[in-house]
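A structural walkthrough
The primary structure of each chain is shown beneath.
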Amino acid sequence: MAERELRLGGIPARRLDYVVRQLRDPDEIRPLLRARVEYTAYALGQLEPELFARTRWFLARGTTGVGLVLHSRGGLGDATFVMGDPDAIHAVLSIHPGTAQTYATCQPQHVEVLKRVYRLATQQPMTRMVVTRDTFRPAQVFETVHLTGVDIRKINALYGSENGPSYYIPEHIDSGVYRGVVLEGRLVAIAGTHVVSRQEGVAVVGNVFTHPAYRGRGLATSATSAVTEALLDCCDYVVLTVDPRNTPAVAAYARLGYREACQLVEASATRRDPSGLGSTMRRLRAAIRGRKYDGAFVTLHD
């Protein structure tokens, strides 16, 4: 599939060809993700059997390189993760854009491609940080407690103390690792996880929050330290994502031994083709063209 030049309105344009395949075997997906564990930790976690059943994976190979797209469904909503060559990612998304609304994770070089397929809102540059057993430095100034689904009312009350209602359910808590700080009989700080994969040896820390009236005392750092320590008992890599402008949080995570691994972008994404008719027609054409390639054949014009 060599690059060819066309002329559109008298302007030279590249023709980019890709074969897009759906991947259904975790053993085929895993090596692709393992090359960049710090960035792909969340996606690796989706290889857990109970999560994998709720995912769809697509790989494009062609003129400019290789791109991988993951569409996943979870209790807190749909998510889309991309990695690799931007044009190859565009080839996938042109025929498999996912659900009408999703939460997208990408790197800065992918943003323009995603904008061709989605309207992006709350677009937020983030820093991915990683810690291992060798770099971890615990810092539990405050005693922490283990939280389970039984504590869901207290947990939702805490998360809802600033920006309105919170809708976590017990299964969210029981499927992860959550630690909290209790002061004056009240849960005032919490840290938890987005995904934990003992099978893949990775975990993503998240949902770190302190009640507004108790901030600035290091409570969330203690909770995050406790969660990280528990995760490192079963995981080789523990990562989290932080707003780089939140310098106190970045410094607190650094004190725990987290180091910057890469930059990424998170955004709420709404598909530009809400009916899906356009992508459906392109998918049918690509399937017909791709019969001899054991996949869908997609052509883009750059």
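So, how was this worked out
- Residues numbered from 1 in each chain as written.
- Predicted model: local features only at pLDDT ≥ 70, side-chain atom pairs only at ≥ 80, totals over all residues.
- Heavy atoms only, no water.
- Helix = DSSP H or I, 4+ residues; strand = E, 2+ residues; numbered from the N terminus.
- Rg over C-alpha atoms; globule rule 2.2 N^0.38 Å.
- Buried < 20%, exposed > 50% of the residue type's maximum accessible area, 1.4 Å probe, protein only.
- Areas by Shrake-Rupley, 256 points an atom, 1.4 Å probe, with all protein chains shown as cover.
- Lys, Arg positive; Asp, Glu negative; His and termini not counted.
- Charge placed at Lys NZ, Arg CZ, Asp CG, Glu CD.
- 1 Å grid on protein atoms, 1.4 Å probe; cavity = no way out; pocket = protein on both sides within 12 Å on 5 of 7 lines; lining within 4 Å.
- Points joined across faces, edges and corners; volume = space filled by probe spheres on them.
- Nonpolar A, V, L, I, M, F, W, Y, C, P; charged D, E, K, R; others polar.
- Pairing = 2+ DSSP bridges.
- Contact = heavy atoms within 4.5 Å.
- Phe/Tyr/Trp six-rings, centres within 6.5 Å; stacked < 30°, edge-to-face > 60°.
- Disulfide = S-S within 2.5 Å.
- Core = buried A, V, L, I, M, F, W, Y, C linked by side-chain atoms within 4.5 Å.
- Patch = residues over 30% accessible without salt bridge, like charges linked within 9 Å, V, L, I, M, F, W, Y side chains within 5 Å.
- Salt bridge = Lys/Arg side-chain N within 4 Å of Asp/Glu carboxyl O.
- Expected span 1.5 Å × (residues − 1).

1. Here we look at the overall build of the protein chain
For the protein chain, the helix and strand inventory stands at 10 helices and 14 strands. Computed over C-alpha atoms, the radius of gyration of the protein chain comes to 21 Å, within 12% of the 19 Å expected from 2.2 N^0.38 for 302 residues, which places it in the range of a compact globule. Taken over the C-alpha atoms alone, the protein chain extends approximately 70 × 40 × 35 Å along its principal axes. Taking all 302 residues of the protein chain together, 49% fall into the buried category. As displayed, the protein chain has an accessible area near 14600 Å², and 51% of this comes from carbon and sulfur atoms. Averaging the locations of the 37 positively and 30 negatively charged side chains of the protein chain gives two centres separated by 7 Å.

2. Quick word on the layout of surface pockets
The volume enclosed by the second largest pocket comes to roughly 180 Å³. Looking at the second largest pocket, the residues that line it are His90, Ser94, Ile95, Arg282, Arg285, Ala286, Arg289, Phe297, Val298, Thr299, Leu300 and His301. Listed by contribution, the elements that provide at least two residues to the lining of the second largest pocket are α4 (86–95), α10 (277–289) and β14 (296–301). It is β14 that contributes the most residues to the lining of the second largest pocket, 5 residues altogether. Residues belonging to the lining of the second largest pocket are distributed by class as follows: 5 nonpolar, 4 polar and 3 charged.

3. Some remarks on unusual backbone geometry
Positive phi, normally seen in glycine, also occurs at Glu184, with a value near 55°. Considering the arrangement of structural elements, one finds Glu184 in the loop between β9 (178–183) and β10 (186–197). A positive phi is found at Asp294, a non-glycine position, where the angle reads about 60°. Residue placement: Asp294 occurs in the loop between α10 and β14.

4. Remarks on the pairing of strand β7 (residues 118–131)
If a strand is regular, its side chains alternate between the two faces of the sheet. Where β7 meets strand β13 (residues 259–271), 11 bridges bridge the pair, whose relative direction is antiparallel. Counterpart to Ala121 in the pairing with β13 is Ser268. Across 5 bridges, β7 lies against strand β12 (residues 237–242) in antiparallel orientation. If you follow Met129 over to β12, its bridge partner there is Leu240.

5. Here's the deal with the environment of Leu256
In this structure, Leu256 sits in the loop between α9 (247–255) and β13. For the pair formed by Leu256 and Thr228, sequence separation is 28 residues and the distance between their alpha carbons is 8.8 Å. Leu256 has contacts with Val131, Thr135, Phe136, Arg137, Pro138, Ala139, Thr221, Thr224 and Ser225, leaving out every residue within four places of it along the chain.

6. Focus on the packing of aromatic side chains
This structure, assessed with the given rule, holds 6 aromatic pairs. A network of ring pairs unites the aromatic residues Tyr159, Tyr168 and Phe209 as a single cluster.

7. Brief notes about the state of the cysteines
With the rule as written, the count across this model stands at 0 disulfides. Looking at Cys262, it has no disulfide partner, and the nearest cysteine sulfur is the one in Cys106, 11 Å off.

8. Considerations on the nonpolar core
In terms of nonpolar packing, the biggest core is built from 51 residues, with Val20, Leu33 and Trp57 touching the most fellow members. Top element by residues in this core is α4. It accounts for 6 residues. Core analysis: the second largest hydrophobic core is formed by 20 residues, Met129, Val131, Val177 and Ala191 among them.

9. Examining a nonpolar patch on the surface
A cluster of nonpolar side chains, contributed by Leu277, Met281 and Leu284, occupies part of the molecular surface with about 300 Å² of accessible area. Mapped onto the elements, Met281 comes out in helix α10. Of the residues examined, Met281 reaches a relative accessible area of 40% and is grouped as partly exposed.

10. Observations concerning helix α8 (residues 219–231)
For the α-helix, the turn length of 3.6 residues means that residues three or four positions removed from each other point alike. Taking 1.5 Å per residue, 13 residues should reach 18 Å; α8 reaches 19 Å between its end C-alpha atoms and fits that length. The element α8 is largely enclosed, with a buried count of 11 among its 13 residues. Within α8, the full set of buried residues consists of Leu219, Ala220, Thr221, Ser222, Ala223, Thr224, Ser225, Ala226, Val227, Thr228 and Leu231. On its buried side, α8 packs onto β7, β9, β10, β11 (202–210), β12 and α9.

Purely geometric numbers; function is a separate question.
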